[in-house]
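What follows is the residue order along each chain.
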Amino acid sequence: MAFLSIPLNVTKTGLAREKKIKKSLDEALNMLLTTPRNNNVCDPKYGFVFNNMRFEIFDEHEGVIYNSGDTIYENGFQDIYTKKISGSSKNMNTFAAELKEAVKQYEKRLEDVSVTMTYIREERIIYITIKGVISSTKEDYVFTNTLRVWK
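Given the structure is predicted, the values throughout are model-derived calculations rather than measurements.

S.K.: Can you explain the overall build of the protein chain? Please cite residues and give values.
M.R.: Each helix and strand counted, the protein chain has 2 helices and 10 strands in total. Helices and strands in the protein chain line up, N terminus first, as β-β-β-β-α-β-β-β-α-β-β-β. Each of the 151 residues in the protein chain was classed as buried or not, and the buried ones make up 42%. Here the protein chain displays about 9,200 Å² of accessible surface, and carbon together with sulfur accounts for 52% of that area.

Right, dumping it as structure tokens:
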């Protein structure tokens, strides 16, 4: 079985394919992780809401994004300013829980998904780990990535 390669690439025989499911999952999760919500016209819910906050003030001491206005975030993301940067998807008040829900919705090839996000203040980097089980092979799967924190 072959999976679509991301980014999409048109070849002489059609869209490029990826034979290894792990590489295909890595590409799909990287795209989900780096796409802001409301950025995809076909599906506005696709993406990771954390990327919508890149121009907001990051509060390193509290580990949250500071709400500099008096109103709800313009795209309707209620309570987004109360979510913690570091944490696991077991705690609903974290961006990790938001990412887990996005992964469960858009990557059906994974089951038993869990997400952790760890912010290292000295490095100004958020380490992201997504774990799950590949549905078709029942193999354990781990995806790691980092996000640089803005200032």
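The rest of the description comes next.
S.K.: Tell me what's going on with the packing of aromatic side chains, and back it up with residues and numbers.
M.R.: To describe a pair of aromatic rings, you give the distance between the ring centres and the angle between the ring planes. A full pass over the atoms with the stated rule returns 1 aromatic pair. A ring pair is formed by Tyr-46 and Tyr-106, whose centres lie 5.0 Å apart and whose planes are at 80°; its orientation type is edge-to-face. Here Tyr-46 is found in the loop between helix H1 (21-34) and strand E5 (57-59), whereas its partner Tyr-106 is found in helix H2 (residues 95-106), with 60 residues between them in sequence. Since its relative accessible area comes to 23%, Tyr-106 is described here as partly exposed.

S.K.: So what about the nonpolar core? Which residues, and what values?
M.R.: Judged by nonpolar contacts, the single largest core of 32 residues is most densely connected at Phe-95, Ile-126 and Ile-130. Of all the secondary structure elements, the ones that give two or more residues to this core are H1, H2, strand E8 (110-120), strand E9 (125-134) and strand E10 (140-148). Not counting chain neighbours up to four residues away, the residues in contact with Ile-126 comprise Phe-50, Ile-85, Met-117, Thr-118, Tyr-119, Asn-145, Thr-146, Leu-147 and Val-149.

S.K.: With reference to specific residues and values, describe the sheet that holds E10.
M.R.: Ordered by their spatial adjacency, 4 strands build an open sheet running E7-E8-E9-E10, and the pairing between neighbours is antiparallel. Sheet topology places strand E7 (87-88) and E10 at the edges, where each strand pairs with a single neighbour. On the sheet, H1 packs against E8, E9 and E10 and is oriented at approximately 35° with respect to E10. Across the sheet, H2 touches E7, E8 and E9, and the angle it forms with E8 is around 150°.

S.K.: I'd like a description of the environment of Asn-93, backed by residues and values.
M.R.: Of note, Asn-93 is situated in the loop between E7 and H2. With 13 residues separating them in the primary sequence, Asn-93 and Ile-80 have C-alpha atoms 8.9 Å apart. If near-sequence neighbours (up to four positions away) are discounted, Asn-93 is found in contact with Thr-82, Lys-83 and Lys-84.

S.K.: Account for the pairing of E8, with residues named and values stated.
M.R.: As paired strands, E7 and E8 are joined by 2 bridges and run antiparallel to one another. Following the sheet pairing, Gly-87 is matched in E8 by Met-117. Here E8 folds back onto E9, and the loop between the two strands holds 4 residues, one of which, Arg-124, carries a positive phi near 60°.

S.K.: An account of the packing of H1 against H2 is needed here, citing residue identities and associated values.
M.R.: For the pair H1 and H2, interaxial distance at closest approach is 11 Å and the crossing angle is 130°. On the basis of their axis angle, the class for H1 and H2 is oblique. Here H1 runs over H2; the crossing is right-handed. Along the contact surface, H1 presents Leu-29, Leu-32 and Leu-33, while H2 presents Leu-99, Ala-102, Val-103 and Tyr-106. Split into classes, the residues belonging to the contact of H1 with H2 amount to 7 nonpolar, no polar and no charged.

S.K.: Can you break down the pattern of salt bridges residue by residue, with the values?
M.R.: Evaluated as defined, the whole model comprises 6 salt bridges. Salt-bridge contacts for Lys-83 lead to Glu-98; the nearest nitrogen and oxygen are separated by 3.5 Å. Taken together, the positions of Lys-83 in the loop between strand E6 (64-66) and E7 and Glu-98 in helix H2 put the pair 15 residues apart, joining distant regions of the chain. By relative accessible area, which is 24% here, Glu-98 ends up partly exposed.

Basis of the calculations
Residues numbered from 1 in each chain as written. Predicted model: local features only at pLDDT ≥ 70, side-chain atom pairs only at ≥ 80, totals over all residues. Heavy atoms only, no water. Helix = DSSP H or I, 4+ residues; strand = E, 2+ residues; numbered from the N terminus. Buried < 20%, exposed > 50% of the residue type's maximum accessible area, 1.4 Å probe, protein only. Areas by Shrake-Rupley, 256 points an atom, 1.4 Å probe, with all protein chains shown as cover. Phe/Tyr/Trp six-rings, centres within 6.5 Å; stacked < 30°, edge-to-face > 60°. Core = buried A, V, L, I, M, F, W, Y, C linked by side-chain atoms within 4.5 Å. Contact = heavy atoms within 4.5 Å. Pairing = 2+ DSSP bridges. Axes fitted to C-alpha atoms, helices over the stretch in contact; angles between N-to-C directions. Parallel < 35°, antiparallel > 145°, perpendicular 65-115°, else oblique. Left-handed = near helix turned anticlockwise from the far one by under 90°. Nonpolar A, V, L, I, M, F, W, Y, C, P; charged D, E, K, R; others polar. Salt bridge = Lys/Arg side-chain N within 4 Å of Asp/Glu carboxyl O.

Shape is all these values report; function is a separate question.
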